[in-house]
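Fold and geometry: a report
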Amino acid sequence: REIVRPLGEPGYREALRRKAERARKRRLRLQRRKQEARAAKEEEAARAAEREAKIDQWRAKCIQEVEEKNREQELKAAADSVLSEVRKKQADTKRMVDILHALEKLRKLRKEAAGRKGVCPPPSADEAFENQVESLKTLLKNRTELYEAEERALRVMLEGEQEEERKREMEKKQKKEREKLLQQKLEIDSKLFGDPDEFPLAHLLQPFRDYYLQAEHSVAALIQIRHEWDQYLVPADHPEGSCIPPGWVLPSLPTNDTWATAVR
């Protein structure tokens, strides 16, 4: 009787109900905070893993670029070394040709000096000297042609390497541009239709997504949409019209909190 006596007092049961309701709400708040903390922790872990993956990918890409550059520099250094060796051989050959010309001039001067003194060498000596000189000239000419052919081949190889390098740089630049454009397209599609990774195929936005992207999958739909757009084409200076935008018209940012909650 002493325990149940307060139950008969007016307002006791209401106070007890309010106390139980406060306790229930407190438990719900604690549970919600735990869930939010757990979700935030999982989200932070996912972001950290994504950052680590991007860092690893960037590091691997940098290492690959450095290795490719080192290989290219080694090939270029080797080609330059061979080209330098060929040029050295060409310089040696040219020097030997100059020496041969100098010997011919020296013999001519000595022969003239000996002739003024009344001394004339036999014709066999002149013939032997000329034969020897012609043989050396032929040898030096053959070597010069050989070294020129080697130089041309090396230059063609170096130009081919440079062309390949320019082509690789161009392909790399085009790949970056394509990735950038694709990322921009994904961001625009995400703003317009939501992130496809977060919504299942049966999501309520899927019909709208299929409708607005039907031109990417059907030529007939593309022609029909273009025909409908072309009906509204007007000159650029028309007072009641404007040019068609080149891409999607993105929605404006929310101007108040209510709108922001609706967008979220």
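Residues numbered from 1 in each chain as written. Predicted model: local features only at pLDDT ≥ 70, side-chain atom pairs only at ≥ 80, totals over all residues. Heavy atoms only, no water.

**Details of the domain arrangement of the protein chain**
The criterion, for reference: Either an automatic procedure or a domain database provided the assignment from which the domain bounds are taken.
Here the protein chain is partitioned into domain 1 (31-193) and domain 2 (205-243). On a C-alpha basis, the centroid separation for the pair domain 1 and domain 2 is 52 Å.

**Things to note about the environment of Lys 25**
Applicable threshold: Here a strand is any run of E in DSSP of at least two residues, a helix any run of H or I of at least four, and the numbering for each starts at the N terminus. Exposed residues in this analysis have more than 50% of their type's maximum accessible area, buried residues have under 20%, and partly exposed residues fall in between, with area computed by a 1.4 Å probe over protein chains only.
Of note, Lys 25 is situated in helix α1 (residues 12-116). Given a relative accessible area of 42%, Lys 25 falls into the partly exposed group. A sequence separation of 118 residues divides Lys 25 from Arg 143, and the C-alpha atoms of the two residues are 99 Å apart.

**Description of a nonpolar patch on the surface**
Threshold: What goes into a patch is any residue over 30% in relative accessible area without a salt bridge, connected to like charges within 9 Å or, for nonpolar side chains (Val, Leu, Ile, Met, Phe, Trp, Tyr), within 5 Å. The accessible surface values rely on the Shrake-Rupley method and a 1.4 Å probe; as for residues, cover is taken only from the protein chains in view. We define a salt bridge as a contact between a side-chain nitrogen of Lys or Arg and a carboxyl oxygen of Asp or Glu at a distance within 4 Å.
Together, Ile 3, Val 4, Leu 7, Tyr 12 and Leu 16 line one region of the surface with nonpolar side chains, adding up to about 500 Å² of accessible area. Along the chain, Leu 7 falls in the segment before α1. The partly exposed category is assigned to Leu 7, whose relative accessible area is 42%.

**Observations concerning the pattern of salt bridges**
As enumerated under the stated definition, the model contains 13 salt bridges in all. The closest approach of N and O atoms between Glu 21 and Arg 24, which form a salt bridge, is 2.4 Å. Remark: Arg 24 and Glu 21 occur in helix α1; sequence separation between them is three residues, near one turn of the helix. Given the relative accessible area of 27%, Glu 21 is considered partly exposed. Ionic pairing is found between Lys 137 and Glu 104, a salt bridge with its closest N-O pair at 3.2 Å. Taken together, the residues Lys 137 in helix α2 (residues 123-193) and Glu 104 in helix α1 connect sequence positions 33 residues apart. Residues joined by salt bridges that share partners form a network here, namely Glu 43, Glu 44, Arg 47 and Arg 51.

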